Each structure stands twice: as C-alpha cells, then as structure tokens.
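As a plain string of letters, each chain reads:
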Amino acid sequence: MNEEEIRQWLIKCFGPVQGEEAWQQLNQLPFEVRNQLMNQKPDDLPNPEEVRTMMQAFSDGGLNSPVEMTDTLQKGPINAKLAQSLALQQATGDNSSVNADVADGLRRSISKANLWLDITTNFNPAPGNPDILSRGNWVEGTIESWIKFATPVARAISDAFTSVIANRFSDIDDAEISGVFAGVVPIPLPKGMNNPVQLMKLLANTSFAMQLGSAAGALSHEVHGSFDQGIALLKNPAGGLIPYNCIDYAKVWGLNTTEVMDYLALRELAHARLFASVPWLMTRFEALIIKYSNGINIDLDAMEDQLRDVDPMNPEAISGAVNLSKVGNNDSDEQKQALKSFETLLALTEGWVDCVTWRAGMAHIPHIDQLREMTRRERAAGGPAEVTFESLLGLNLRPKRMREAADLWEKITQENGIEKRDSLWAHPDLLPEL
C-alpha cells in the first residue's frame with residue numbers, strides 16, 4: 001500500500017479528524033512498526049465499517065481519555081462496559097422488542113408448561129413472570145454474572161501479564177509506547193497513557209473484555225433461556241426465554257415451532273422452580289466457581305512462551321496470552337475438589353430437570369424424546385462460545401454425567417414418589433450420589 005491509500009483507509013475508519021491523528025501517529029512510529037503496516041495488502045485490512053463498530057464499542061466502554069482509562073482500571077480487571085458493548089453489537093438479528101404475536105405464543109407455552117409441571121414436581125412456580133427476551137436483553141441481563149465469575153481469573157492473568165511483559169518495554173521510548181495500538185488497526189492513543197505498566201494493565205483489561213464480550217455475544221444466538229448453562233444468570237427468579245432463538249431452533253430441526261416452544265418453556269420453568277425452591281443451590285454454584293477461580297495460578301514461563309514471538313506493538317497478537325487453557329495451572333488439590341463438586345452438582349441439577357421435563361411433557365409433546373436427546377447431546381458437546389468461556393474461566397459448564405443423573409432421579413421417582421424425590425433438595429448432604 002502507498003501512503004495515500006493507508007491515509008484514506010484511516011480516514012474512512014476514524015473520520016477526518018481522528019483519521020488524520022492516526023496518520024500523524026503512524027508517521028511517528030519506529031520504522032519497523034510503520035513498515036509492517038505499510039506492507040499490508042488492502043484486502044488484509046479490516047473493513048472500515050467493522051473498525052468503526054469496534055471503535056464505538058471502545059467509546060461506549062469508557063476508553064475515550066486517559067482519565068476514563070484510569071477509571072476503568074480502578075473498577076476491576078475487566079472493562080465491563082466494553083464487554084457489554086461488544087456483546088450487544090453481536091447480539092443482532094432480532095428486534096430490540098419482541099413482536100407481540102411471537103410473545104403471545106411463547107406466553108401460551110409458558111402457561112401450559114406451568115400446568116404440566118404442577119403434576120410432576122412438588123416445587124411451586126418461581127415468583128414473578130418469566131421474561132420474554134431479545135438477544136440484547138439476554139446480554140444486558142446476564143453480562144454481570146459472567147463478569148463476576150471471570151473476575152478472579154482476569155485479575156490473576158492481568159497481574160501475570162503485566163509482570164511478564166513490562167520488562168520488554170524497559171528500553172522502548174515514549175514514541176514507541178504511544179504506538180502500541182498500531183498493529184493492523186492503529187488506534188489514536190491519548191497522551192498520558194505511555195507508562196508501560198499502566199498500558200499493559202489496560203491492554204490485559206481490554207483483551208479480556210473483548211474476549212468475554214465476543215463470547216457473550218456469540219452465546220446470545222445459541223441459548224434459548226436464562227438457565228441454558230445450568231446455572232441462574234438472570235436476576236428474575238422466574239427466568240426468561242428468547243423466542244427468536246426458539247423459532248430458529250425449530251427451523252433447524254424441521255420441527256413444529258409451538259412444540260419446540262412448549263418443550264423449551266418446560267425446561268426453563270423446571271429450572272426456575274428448582275432454583276427458587278432450593279435457595280442454597282445458586283449460592284453453592286457461585287461459591288464453587290469462585291473457589292475454583294481463586295485457585296488458578298498463572299504459569300509465567302508459559303505466558304512468556306506465548307509472548308516470545310509476538311510483536312509487542314500488536315495488541316491482537318498479545319491478547320492470545322489471556323487464554324487460560326494455555327497459561328493456567330489448574331491442578332491443585334483444592335481445585336480438583338471444587339471441580340468435582342461443581343460437576344456433580346451440575347449433573348444432578350440438569351438430570352433432575354431432564355427427568356421432570358420428560359415426565360411433564362411426554363403426554364403433550366409428540367417429539368419430546370427427540371428433543372430430549374438433542375438437548376442432552378448439545379449440553380454434553382457445547383458450542384464455540386461455551387468453549388471460549390471455558391478458556392476464560394477455566395471451568396467446564398457442561399454436565400458430564402447428565403444421563404446418569406437423569407436415570408437416577410427417574411429411579412428415585414418410581415421407587416419413592418415425587419414428594420420424596422424433591423425433598424432430597426432440602427440440604428446438599430441429602431442429594432443422591434452418582
């Protein structure tokens with residue numbers, strides 16, 4: 001690319017004012033960094049519209065000035081505003097408000113599901129009404145939970161990241177530091193953020209938020225309700241469903257939409273009844289997640305290996321070092337114990353829901369066995385976004401022994417009845433063993 005081409009590309013990305021600022025900043029960079037960008041092929045550069053979208057996310061995330069950047073770092077190791085902004089940009093494809101006819105259809109499924117569950121469980125309906133959610137609503141309602149779970153991991157990675165990489169900037173002057181965001185997409189960096197340690201903390205904070213936001217945005221297209229990961233994510237105890245995702249799910253498998261909505265409503269409301277009637281359940285899940293996360297140690301040698309061949313001027317490449325699957329040590333006895341307890345509790349929860357849902361819907365939903373098997377396989381395999389969350393939290397949110405747990409709950413129901421089965425949730429020590 002010649003100089004005028006890259007200048008025009010910057011103006012298209014950032015507008016006439018910031019584009020010129022980026023161009024001036026580019027001219028001040030070390031020759032190697034500047035040459036790297038100038039040697040890019042036009043087709044390799046991001047679409048200006050995509051860059052503008054990303055920059056808007058940074059703006060919404062409070063990265064407009066050194067003061068806002070500093071404030072972001074003081075609030076925690078994850079830029080929550082940036083994570084939510086990125087997630088909302090990906091949570092597209094439906095309306096910000098749900099079509100009235102679609103919402104009415106889902107409410108009918110919810111009403112039927114509650115009637116059917118009254119016969120198959122001793123637990124009362126959760127207080128309130130389930131939410132009818134757009135994908136954006138789901139992001140806004142659940143992002144705080146994801147950030148809370150990820151914060152201990154993000155803090156450990158940020159400290160290690162800063163420790164490892166700050167030394168690499170000891171011989172770099174301010175002009176080079178100001179170009180740290182000049183990889184494929186140069187971002188005009190405000191003055192005052194050229195302190196290497198501060199900048200590395202910001203970079204780790206931003207990288208983690210970008211991955212978290214991207215995963216949450218992708219997951220908003222996959223989930224059907226607020227309990228799809230087996231834990232309560234919404235503040236509304238009655239839960240909520242995303243009707244457009246339910247409709248898409250029915251289309252993919254060629255099934256009747258009403259039938260699929262009835263089934264998914266049953267699962268959502270069964271979860272809601274369980275969590276609302278067993279107050280210790282979500283508290284226990286949260287304690288195990290935090291206990292596991294707090295026990296994670298970052299392998300500084302592994303992180304150094306990740307960074308050894310990385311261009312320190314390219315934040316996109318550097319962000320790979322926050323992947324916990326590559327740099328985390330997760331094998332302490334305390335973590336093994338927490339992980340085992342978490343997996344067992346998740347399997348028992350999902351198994352109970354599977355058992356109750358099947359019993360409630362078998363006389364009303366013709367393809368319930370097919371839907372049940374599809375759900376079991378999907379929960380066991382997970383999707384791309386769930387894999388990303390695993391790399392961020394270090395925790396597998398997929399029940400490995402769901403089938404075994406469902407069979408166990410079914411056996412208990414046949415031998416002892418519904419009331420006895422549900423009474424086992426009164427205390428963790430009463431739960432059956434797998």
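Computed from a predicted structure; not experimentally measured.

**Remarks on the overall build of the chain**
Check the secondary structure of the chain and you find 20 helices and four strands. Looking at the chain residue by residue over its 434 residues, the buried ones come to 55%. For the chain, contacts bridging at least 24 residues in sequence account for 80% of all contacts bridging at least 6. Working note: accessible area of the chain is about 19200 Å², and carbon and sulfur atoms make up 48% of it.

**As for the environment of Leu431**
Tracing the sequence through the fold places Leu431 in the segment after helix H20 (418-423). Of the residues examined, Leu431 reaches a relative accessible area of 12% and is grouped as buried. Along the sequence, Leu431 and Arg421 sit ten residues apart, while their C-alpha atoms lie 9.4 Å from each other. In this structure Leu431 touches Trp280, Leu345, Leu348, Trp409, Leu424 and Trp425, once residues within four positions along its chain are discounted.

**Details of the pattern of salt bridges**
Under the definition given, this model contains 18 salt bridges. Between Arg421 and Asp422 there is a salt bridge, with the nearest N and O atoms lying 2.8 Å from each other. Take Arg421: its relative accessible area is 0%, and that puts it in the buried class. For Asp422, a relative accessible area of 3% translates into the label buried. Three or more residues joined by partner-sharing salt bridges are found here, namely Glu4, Arg7 and Glu20.

**Regarding the side chain of Ser145**
Mapped onto the elements of the fold, Ser145 is located in helix H7 (residues 135-166). When its relative accessible area of 13% is taken as the criterion, Ser145 is described as buried. At 3.1 Å, the side chain of Ser145 and the backbone oxygen of Leu233 are in polar contact.

**Regarding the confidence of the model for the chain**
Mean pLDDT over the chain stands at 80; residues scoring 70 or higher make up 73%. Averaged pLDDT values for the elements of the chain fall to 46 in helix H8 (residues 174-177) and rise to 98 in H20. Considering only residues more than four positions removed or in separate chains, one finds that residues 172-190, a stretch of pLDDT under 50, has 67 contacts. In this model residues 311-315 is a low-confidence stretch, pLDDT under 50, and it forms 22 contacts with partners more than four residues away in sequence or in other chains.

**Description of the packing of helix H16 (residues 333-361) against helix H19 (residues 402-416)**
For the pair H16 and H19, the least separation of the axes is 7 Å and the interaxial angle reads 55°. In terms of orientation, H16 and H19 fall into the oblique class. Relative to H19, H16 is oriented so that their crossing is right-handed. For the pair formed by H16 and H19, the contact residues are Ala347, Leu348, Glu350, Gly351, Trp352, Asp354, Cys355 and Arg359 on the first element and Met402, Ala405, Ala406, Trp409, Glu410, Thr413 and Gln414 on the second. Among the residues making up the contact of H16 with H19, the classes are represented as eight nonpolar, three polar and four charged.

**Points about helix H6 (residues 100-120)**
Its 21 residues give H6 an end-to-end C-alpha distance of 31 Å, which sits within 8% of 30 Å, the value for a rise of 1.5 Å per residue. Looking at H6, one finds that the buried residues are Val102, Ala103, Gly105, Leu106, Ser109, Ile110, Ala113, Trp116, Leu117 and Thr120. Looking straight down H6, one finds that the buried residues subtend no more than 155° of arc, so they occupy a single side. Opposite the packed face of H6, turned more than 90 degrees from it, sit the exposed residues Ala100, Asp101, Arg108, Leu115 and Ile119. Those residues of H6 that are buried are in contact with strand S1 (131-132), strand S2 (240-241), helix H10 (243-253), helix H11 (257-277), H16 and H20. For H6, the capping residue at the N-terminal end is Asn99, with a side-chain oxygen 2.9 Å from the backbone nitrogen of Asp101.

Conventions adopted
- Residues numbered from 1 in each chain as written.
- Predicted model: local features only at pLDDT ≥ 70, side-chain atom pairs only at ≥ 80, totals over all residues.
- Heavy atoms only, no water.
- Helix = DSSP H or I, 4+ residues; strand = E, 2+ residues; numbered from the N terminus.
- Buried < 20%, exposed > 50% of the residue type's maximum accessible area, 1.4 Å probe, protein only.
- Contact = heavy atoms within 4.5 Å.
- Areas by Shrake-Rupley, 256 points an atom, 1.4 Å probe, with all protein chains shown as cover.
- Salt bridge = Lys/Arg side-chain N within 4 Å of Asp/Glu carboxyl O.
- Polar contact = N/O pair within 3.5 Å; in protein donor to acceptor, adjacent residues only side chain to side chain.
- pLDDT = per-residue confidence, 0-100.
- Axes fitted to C-alpha atoms, helices over the stretch in contact; angles between N-to-C directions.
- Parallel < 35°, antiparallel > 145°, perpendicular 65-115°, else oblique.
- Left-handed = near helix turned anticlockwise from the far one by under 90°.
- Nonpolar A, V, L, I, M, F, W, Y, C, P; charged D, E, K, R; others polar.
- Expected span 1.5 Å × (residues − 1).
- Arc of directions from axis to C-beta.

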